[in-house]
Amino acid sequence: MPFLQWLDAIARDANPDKAGFQAQGAYLLACFLGPMLFGAVVGLMLTGIERVFGIKLSSRGH
Amino acid sequence: MFGMTILNALASFAILGLVVGFMAGLFGVGGGFLLTPLLNILFGVPYNVAVGSDLAQMAGMSTAATIRHGRIGNIDYRLGLLMCAGTAGGVEVGATGLEVLKRAGHVTLGHAQIPVMTLVMSVIYMVLLVWIGTVVLRESRKALASVRAGGSDTIEKNWFVERLSALHLPPMISLPRSGIASISLWVILGVGFATGVLAGLLGVGGGFIRMPALIYIIGCPTAVAVGTDLFEIMFSSAYGAFTHGMKGNVNLVLVLGLLIGSTLGSQIGASLTRRLGGPRLRNVFAYIAYFAVLMVAAKLVMKVLHGGG
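Residues numbered from 1 in each chain as written. Chains lettered and ligands numbered in written order. Predicted model: local features only at pLDDT ≥ 70, side-chain atom pairs only at ≥ 80, totals over all residues. Heavy atoms only, no water.

Draft legend 1. Geometry of helix 3 (residues 47-71) of chain B. Between its first and last C-alpha, helix 3 of chain B extends 36 Å over 25 residues, near the 36 Å set by a 1.5 Å rise per residue. Of the residues one or two after helix 3 of chain B, G73 of chain B is the one with positive phi, at around 70°. (Helix = DSSP H or I, 4+ residues; strand = E, 2+ residues; numbered from the N terminus. Expected span 1.5 Å × (residues − 1).)

Following this line, the structure appears as structure tokens:
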């Protein structure tokens, strides 16, 4: 699984406990943009499903 | 990774995400307050990495939910963006506090050397979970009694909340989308800051604090409070993931596994919520919080008895 190994590798670019540690740009982007992109794709897919099947969203649930 | 191969780790985190996502969808809460201690108890993930990865997972989950709530007009964008300003400061304070704990070294308990971060975080989680469990249990019992007596399933305001919502400290602003004519900007920033500290320190989205605050202190309608809360969580957790990422606290494989599992679990849980009653569900939720307290306490006692970080 090259993608998983890449994810693992960019998270291990340096030792965070060492003084002067600086996270790589790719890692930082993956930290917040990766999950948001995943969420956007899931949200749009679910919105599409709700539209197609006429499902109304509950006011409580996530 | 945490004593597993990458694929095994991904599968294990996906299963945990599925379970917590299911409970989050079922009870209508974020699930962060369960996920962070469970990652530490079950997989030995250090609290700083559990909090950072949990926030990244929440950024994904809340983005998906925000898109859905935005479509049906449940978001007060003005209120959400104002709260974000307070939350950003709070997240930074919380994340810095966690870093201070991480670098605070060890404390000797019995014959064991326990990291200060593990000890402090375990105690904070136990207090938080007992408090949440007790508040939810009392409220759900009242609501159940009220429903049985033919009343409605509503939660009462206390004196503190009433005083805060009536505060007249300029600048005062209006929130037409939420139907609020005038409210102090400081109340909005204060609610954002307080929940931001919790997010940065504990990796909790604040669904159990910010949601009631939006409804009872700020005065939002429930549907708008749900959507605005999610919109705000999307930004605050993304900011939290970024700031924890700067400190190397986000494990990306863990985040991916949690996202896959929790996305599926929350959909299953949310679909079941519609079939089960609200107060009865909240009753069960309270006992789950108490069970989590026992697990955190047991893990801490095991560490003290047998040593280890």
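Draft legend 2. Looking closely at a nonpolar patch on the surface. Residues and elements named next belong to chain B. A contiguous nonpolar surface patch, about 430 Å² in accessible area, is contributed by I15, L18, V19, L264 and I268. Of all the secondary-structure elements, those providing two or more residues to the nonpolar patch are helix 1 (6-27) and helix 10 (252-273). A per-element tally of the nonpolar patch places helix 1 first, with 3 residues. Mapped onto the fold, L18 is located in helix 1. Residue L18 is classed as partly exposed on the basis of its relative accessible area of 31%. (Patch = residues over 30% accessible without salt bridge, like charges linked within 9 Å, V, L, I, M, F, W, Y side chains within 5 Å. Areas by Shrake-Rupley, 256 points an atom, 1.4 Å probe, with all protein chains shown as cover. Salt bridge = Lys/Arg side-chain N within 4 Å of Asp/Glu carboxyl O. Buried < 20%, exposed > 50% of the residue type's maximum accessible area, 1.4 Å probe, protein only.)

Draft legend 3. The arrangement of the nonpolar core in detail. Residue and element names in this part refer to chain B. Counting 34 residues, the largest nonpolar core has F33, M121, Y125 and L202 as its most contacted members. For this core, the element with the highest residue contribution is helix 5 (residues 116-148), accounting for 10 residues. Ranked by size, the runner-up nonpolar core spans 21 residues in total, among them L185, A213, L214 and I217. (Core = buried A, V, L, I, M, F, W, Y, C linked by side-chain atoms within 4.5 Å.)

Draft legend 4. Seen up close, the pattern of salt bridges. Residue and element names in this part refer to chain B. Counted by the stated rule, this structure contains 3 salt bridges over all chains. E92 is the salt-bridge partner of K247, the closest N and O atoms lying 3.8 Å from each other. Of the two residues, K247 sits in the loop between helix 9 (222-246) and helix 10 while E92 sits in helix 4 (residues 77-102), which places them 155 residues apart along the sequence. Taking the shortest distance from any N to any O, the salt bridge between E99 and K102 comes out at 3.4 Å. Pair noted here: E99 and K102 are both in helix 4, with a separation of 3 residues, about one helical turn. Of the two residues, E99 and K102, neither departs from the other in class, the shared state being buried. What you see here is one network of salt bridges that share partners, running through E99, K102 and R103.

Draft legend 5. Region of the structure containing the packing of aromatic side chains. Residues and elements named next belong to chain B. This model, assessed by the stated rule, comprises 7 aromatic pairs over all chains. When the centroid spacing of 5.0 Å and the interplanar angle of 75° are considered together, the rings of F13 and F43 count as edge-to-face. Taken together, the positions of F13 in helix 1 and F43 in helix 2 (residues 32-43) put the pair 30 residues apart, joining distant regions of the chain. Since its relative accessible area comes to 0%, F13 is described here as buried. On the basis of an interplanar angle of 80° and a centroid distance of 5.1 Å, the ring pair of F231 and F235 is categorised as edge-to-face. Here F231 and its partner F235 are both found in helix 9, 4 residues apart, which amounts to about one turn of the helix. By the ring-pair criterion, three or more aromatic residues cluster together here, those being Y77, F231 and F235. (Phe/Tyr/Trp six-rings, centres within 6.5 Å; stacked < 30°, edge-to-face > 60°.)

Draft legend 6. Expanded view of empty space enclosed by the protein. Using the criterion set out here, one finds 4 cavities of 30 Å³ or more in the structure. If you add up the space inside the second largest cavity, you get close to 80 Å³. Lining the second largest cavity are 14 residues; nearest its centre among them are V42 of chain A together with M61, A64, T263 and Q267 of chain B. Classifying every residue of the lining of the second largest cavity gives 7 nonpolar, 6 polar and 1 charged. (1 Å grid on protein atoms, 1.4 Å probe; cavity = no way out; pocket = protein on both sides within 12 Å on 5 of 7 lines; lining within 4 Å. Points joined across faces, edges and corners; volume = space filled by probe spheres on them. Nonpolar A, V, L, I, M, F, W, Y, C, P; charged D, E, K, R; others polar.)

Draft legend 7. Spatial organisation of the environment of A65 of chain B. With respect to the helices, strands and loops of the structure, A65 of chain B is situated in helix 3. Each C-alpha atom, one on A65 of chain B and one on G203 of chain B, is 18 Å from the other, the two residues being 138 residues apart in sequence.

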